Amino acid sequence: MKPNDEKRIEEVVNMILSDYEDDRTVNHIDICNQPDKKAIVDVVEKLLKILYPGYYSDKVYRIYTLKNNMSATIEDVIFHLNKQISIVLKYQGKDDSDSEKITLEFMSRIPRIRKTLETDVEAGFEGDPAAAGMDEIILSYPGFFAISIYRMAHELSLLGVPMIPRIMTEYAHGKTGIDIHPGATIGDYFFIDHGTGIVIGETTVIGDHVKIYQGVTLGGLSTRGGQSLKGKKRHPTIGNNVTIYSNASILGGETIIGDNVVVGGNAFIVNSVEEGARVSAKQQ
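Residues numbered from 1 in each chain as written. Predicted model: local features only at pLDDT ≥ 70, side-chain atom pairs only at ≥ 80, totals over all residues. Heavy atoms only, no water.

Trainee: Break down the packing of helix α2 (residues 37-51) against helix α8 (residues 142-158) for me, with residues and values.
Mentor: Put simply, α2 and α8 touch, their axes get as near as 11 Å, and they point 100° apart. Here α8 runs roughly perpendicular to α2, going by the angle between their axes. Along the contact surface, α2 presents Val44, Leu47, Leu48 and Leu51, while α8 presents Phe145, Ser148, Ile149 and Met152. Per-class residue counts for the contact of α2 with α8 are seven nonpolar, one polar and no charged. (Axes fitted to C-alpha atoms, helices over the stretch in contact; angles between N-to-C directions. Helix = DSSP H or I, 4+ residues; strand = E, 2+ residues; numbered from the N terminus. Parallel < 35°, antiparallel > 145°, perpendicular 65-115°, else oblique. Contact = heavy atoms within 4.5 Å. Nonpolar A, V, L, I, M, F, W, Y, C, P; charged D, E, K, R; others polar.)

Trainee: Describe the environment of Asp135, with residues and values.
Mentor: Position of Asp135 relative to the elements: it lies in helix α7 (residues 134-140). For the pair Asp135 and Phe125, spaced ten residues apart in sequence, the C-alpha separation works out to 9.5 Å.

Trainee: Could you give an account of the packing of aromatic side chains, naming the residues involved and the relevant values?
Mentor: In total, this model carries three aromatic pairs according to the counting rule given. When the centroid spacing of 4.9 Å and the interplanar angle of 20° are considered together, the rings of Tyr213 and Tyr245 count as stacked. Residue Tyr213 is found in strand β6 (residues 211-213), and its partner Tyr245 is found in the loop between β9 (243-244) and β10 (249-251); the two are separated by 32 residues along the sequence. Classification of Tyr245 as partly exposed rests on a relative accessible area of 35%. (Phe/Tyr/Trp six-rings, centres within 6.5 Å; stacked < 30°, edge-to-face > 60°. Buried < 20%, exposed > 50% of the residue type's maximum accessible area, 1.4 Å probe, protein only.)

Trainee: Describe the nonpolar core, and please don't skip the residues or the numbers.
Mentor: With 69 residues, the main nonpolar core has Ile200 and Ile244 as its most contacted residues. Secondary-structure elements contributing two or more residues to this core are α2, α4 (63-91), α5 (99-108), α6 (110-127), α7, α8, α9 (164-176) and β3 (191-193). Residue contacts for Ile200: discarding those within four places in its chain leaves Asp179, Ile180, His181, Ala184, Ile186, Phe190, Ile206, Ile212 and Leu218. (Core = buried A, V, L, I, M, F, W, Y, C linked by side-chain atoms within 4.5 Å.)

Trainee: Let's hear about α8: which residues, and what values?
Mentor: Between its terminal C-alpha atoms α8 stretches 24 Å, which fits the 24 Å expected from 17 residues at 1.5 Å a residue. The element α8 is extensively covered by neighbouring structure, given that 14 of its 17 residues are classed as buried. (Expected span 1.5 Å × (residues − 1).)

What follows is the structure, encoded as structure tokens:
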């Protein structure tokens, strides 16, 4: 390497280091007091083992040692999740004294989450003739993977935990291309077929027995208001027994899709649809 090159490298290094010296958001480097994304993803992966012990657990364990193995996994999740919840609460200037209480309350909801996910597996099997069995859905369907993580993240969101639920669902988003905000409310027997490109916004409400295909957007009409829109209903409400085919967009907080509606592919909907209707792109 030429002397001039070494000098230029030193100049660039110093220039970048000096760029860290102001108080911009991108310069927050208090790594000891920030949530650890890697640790949260590790918790998510262990939670999947707890949700589906026969599918995600270490295969070297025998049936008779499974409960002992799961006990250790549960305790490990409680420890690390409590730590991350405490960190995010403090990071956002909140009281972290309830972190352990929140963690234990969340973990106590695992059986209920598993019960709901059982309905989602059934919906997947009944809704997809290509499914060879429910095992295949749990092990290989990206939609079910995204739903599983959403179900857990949603409970943490309901418990008032900041940041962690979004990190969880964005982890699923990155792996599947399915973007479900943890604040969305989704009923039982929910099935995502194929899944890539699906977006479900924060204030979306979805009823029971809903099936959606790839590319569907349940979004807001406009985000120009920015933070002034926080807390307002910006995303649609979907009734029970609704099917939404690929690349349909349903937008707006006042848009209500009634029960038993079928929305055709590529439809663009910004107005409410009455119960039992069939909507196609040509009608819009």
